[in-house]
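Chain and residue survey
Residue-level listing of the chains:
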Amino acid sequence: KEFNKYPMSLEEYKRYGRQMIVEDTGGVEGQLKLRNSKVLVVGAGGLGCPALPYLAGAGIGHIGIVDNDVVDTSNLHRQVLHNSNKVGMLKCESAKQVLNELNPHVSVETYPIRLDGANAFPIFAKYDYILDCTDTPLTRYLISDVAVNLQKTVVSASGLGTEGQLTILNFKNKGPCYRCFYPVPPSPTSVSSCQEGGVIGPCIGLVGVMMAIEVMKLIMEVYTEESFKPFLTSYSGFPTQSLRTFKMRGRQKTCACCGENPTITRNAIESGEVDYTLFCGSRKYNV
Amino acid sequence: KEFNKYPMSLEEYKRYGRQMIVEDTGGVEGQLKLRNSKVLVVGAGGLGCPALPYLAGAGIGHIGIVDNDVVDTSNLHRQVLHNSNKVGMLKCESAKQVLNELNPHVSVETYPIRLDGANAFPIFAKYDYILDCTDTPLTRYLISDVAVNLQKTVVSASGLGTEGQLTILNFKNKGPCYRCFYPVPPSPTSVSSCQEGGVIGPCIGLVGVMMAIEVMKLIMEVYTEESFKPFLTSYSGFPTQSLRTFKMRGRQKTCACCGENPTITRNAIESGEVDYTLFCGSRKYNV
Amino acid sequence: MVTVKVEFLGGLDVIFDKQRIHMVNVDSSETPTVKDLIDYIVKNMIRNPNDVDVFIENGTIRPGILTLINDTDWELEGGEEYELEDGDVISFTSTLHGG
Amino acid sequence: MVTVKVEFLGGLDVIFDKQRIHMVNVDSSETPTVKDLIDYIVKNMIRNPNDVDVFIENGTIRPGILTLINDTDWELEGGEEYELEDGDVISFTSTLHGG
Ligand SMILES: [Zn+2]
Ligand SMILES: [Zn+2]
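Residues numbered from 1 in each chain as written. Chains lettered and ligands numbered in written order. Predicted model: local features only at pLDDT ≥ 70, side-chain atom pairs only at ≥ 80, totals over all residues. Heavy atoms only, no water.

**Notes on the UniProt feature "modified residue: 1-thioglycine" (unreviewed entry) in chain C**
Residues and elements named next belong to chain C. As recorded in UniProt, the sites labelled "modified residue: 1-thioglycine" (unreviewed entry) are Gly99. Following the sequence through the fold, Gly99 ends up in the segment after strand S7 (89-94). The buried category is assigned to Gly99, whose relative accessible area is 7%. (UniProt positions renumbered as here; feature names shortened; annotations may be inferred. Helix = DSSP H or I, 4+ residues; strand = E, 2+ residues; numbered from the N terminus. Buried < 20%, exposed > 50% of the residue type's maximum accessible area, 1.4 Å probe, protein only.)

**Points about the coordination of the zinc ion (ligand 2)**
Residues and elements named next belong to chain B. Around the zinc ion (ligand 2), the protein contributes the donor atoms Cys177 (SG), Cys180 (SG), Cys255 (SG) and Cys258 (SG), at 2.2 to 2.3 Å from the metal centre. For the zinc ion (ligand 2), the four donor atoms are set out with angles of 91 to 122 degrees between them, so the coordination reads as tetrahedral. Read N to C, the donor residues that coordinate the zinc ion (ligand 2) are spaced as C-x2-C-x74-C-x2-C. Of this pair, Cys177 sits in the loop between strand S6 (163-169) and helix H8 (178-181) while Cys255 sits in the loop between strand S8 (242-247) and helix H11 (266-270); the two residues are 78 residues apart in sequence, bridging distant segments of the chain. Cys255 matches Cys177 in its accessibility class, with the two residues each being buried. (Donors = N, O, S within 2.8 Å, 3.2 Å for Na, K, Ca; no water. Tetrahedral: all angles 85-135°; square planar, octahedral: opposite > 155°, others 65-115°.)

**Considerations on the relation of the copies chain A and chain B**
Between the two copies, chain A and chain B, the superposition gives an RMSD of 0.0 Å; the rotation angle is 180 degrees and the shift along the axis is 0.0 Å. Here the copies are linked by what is in effect a two-fold axis. The overlap is high: 100% of the interface residues of chain A also sit at the interface in chain B, so the same surface is used on both sides. (Least-squares fit on C-alpha atoms with pLDDT ≥ 70 in both. Contact = heavy atoms within 4.5 Å.)

**Observations concerning the interface of chain A and chain B**
Listed per partner, the contact involves 63 residues of chain A and 63 residues of chain B. When chain A packs against chain B, the two sides together hide about 5200 Å² of surface, and 62% of this comes from carbon and sulfur. Sorting the residues of chain A by area buried against chain B places Arg18, Tyr54 and Gln241 of chain A first, and these three jointly supply 16% of that buried surface. The tally of links between chain A and chain B comes to two salt bridges. For Lys14 of chain A, the salt bridge goes to Asp72 of chain B, with nearest N and O atoms at 3.7 Å. In this structure, the connection of chain A to chain B is made through 20 residue pairs in polar contact (both at pLDDT 80 or more). For the side of chain A that touches chain B, the secondary structure elements donating two or more residues are helix H2 (10-20), helix H4 (48-58), helix H5 (91-102), helix H9 (194-197), helix H10 (201-219) and strand S8 (242-247) of chain A. In terms of residues, the side of chain A that touches chain B owes the most to one element, H10 of chain A, which gives 12 residues. Along the lines of polarity and charge, the residues of the side of chain A that touches chain B split into 28 nonpolar, 24 polar and 11 charged. (Buried area = accessible area lost by both parts, 1.4 Å probe. Salt bridge = Lys/Arg side-chain N within 4 Å of Asp/Glu carboxyl O. Polar contact = N/O pair within 3.5 Å; in protein donor to acceptor, adjacent residues only side chain to side chain. Nonpolar A, V, L, I, M, F, W, Y, C, P; charged D, E, K, R; others polar.)

In structure tokens, the structure reads:
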């Protein structure tokens, strides 16, 4: 009973007070929603680095980080959660250190693995929301497919050069998934990742911060089944910073994953029947 | 001669390579501009925290940080460059530690002082660009006034709740200053700072990241005297994230600071003749 | 009669039932100006008389509030004397100071 | 003849002289559709024939490129059969994958 009367510690009230008094956050109730929520961030790179500290700062109770890559000097202009002393360290571990120091009330789990059809399900199942901060079409299809099969909502974003894109996939298992937007994968030759294309740190960083805001809105139920409309927001950093929100198609009945006769089932993904390497072409991708 | 042939070290080429291949950055030449530039960030709070690591990451050679405040638990939901172990430490020193670890090629100077008319001039004089990351109208007038008198361009931003604003002041000593936009200061009772009004961490964070992008554009001369048009960009985080850019008035001939008959001169500021406390009313402000 | 879209941004919506966007019909013998719109807002849209000071000071828009006509600073459009046209978007935004 | 604004976003501008925005006049015996616009773009606006594959695959917009009609997904507007009107904004944006 005492516990219900004061649902948070004094330290938490102090820590989150400035955020709780913003009406849109829903006060104590909203703060408890954040504390009880579990968010999985796939990729601790250019998007994950700016999203993660804001998620931890806001008090999202459980954060998972999937990344099997290690910190490299060439990452540091944009992956600013890491640093020069951490070159060679796993990005997920580097990020976890920072988050633990930022907010000890948040539990952080790391998964230093390369995400695939076999290992994704048990990990995703533990979380409420997935942030797709990866950098290849392969992982974008995989994350969306697994999320649809586990009924999870995904905040998905990407960036290159001075531009970025952001969308919400499989919203409450009613919104469109990645395959609704992109039923046919792009040919590998047409895809450039940031490794080849280059990227301005704060431009991809801004999109990562946007992802943190979107998942907070999902948790605080700013988006409802009534109010949510499928969208894709496009960011340009140069010459003038701008955001444009495109109204997008809804869930497609013909979608191979979320449609009426899905072939991209859990079994097909876990068994390797859906071959993401083949599906997206033979070029090697880095998660 | 050898020095001119390879203007940067191999480590720098590796560190900045992904950024240098973005056409808008101007390659090696643009990178050298960043390395040679000196940026002063006034305020290591909600705006400064996200701007600073991107400035350091991008390789801006000299960064100054003005802040006399110490880290408090209630800051950490939005001031994510600091952390729980640094509660009580000067924010400028906390930030400097992080930047030094992120990029040892960047020199960071700290100024743990409360900015005023007497101490601002010698500090500002050492820098090319000023980022106004403060949180009171008092400091916004002071920073703009000093910058105009020293012919410095200012990137000025602010935020509250789920919203933010960003503008460039005194662009190349030709654009409008803060007083051109706001010749009469607001009455103190009408001003709410984040202490009272509340703020969502990543919403103010996004605006801070925007500031880093704007100063990079200034350094890389994306904005020229021909292309620059006075603007104010307005960000909303809820319910849909959006940016709107308003076309603003140019420099005003009647402006008390940058106009034809200025009364806000260096002498008037340094001598205390311009009393920023009186000017903005009697309410106490925190820089 | 002229119909314009009026926006209250930067937190100004608190004195307008927390509604940011309003469609407003301004009636006037001559072509209505922004000044007429401001008078209309003060008379008809601010419910609590104590809130008038948040919007108006010394007979015009309070210092610290920017007025935009179709996303352009009203100083560039003639200020209070700007003549409203159907479909114009008039935005009032409080200047933020937090950081 | 119909005049529309065509935008190439997400890096697609590289095959159009690095220009993002183009004003395009589409002529057709009947009312021109987006399909006619795409044909026009391929025939008249892509200078280097090698670049056609970046834009078109199997006779339609390449997978990975989103087509927007006035900021709305063309799937909601009738796709290729959408009939162009003066002033329409047709945007093509390459999907980004970097992170
Ligand atoms: Zn689908
Ligand atoms: Zn001025």
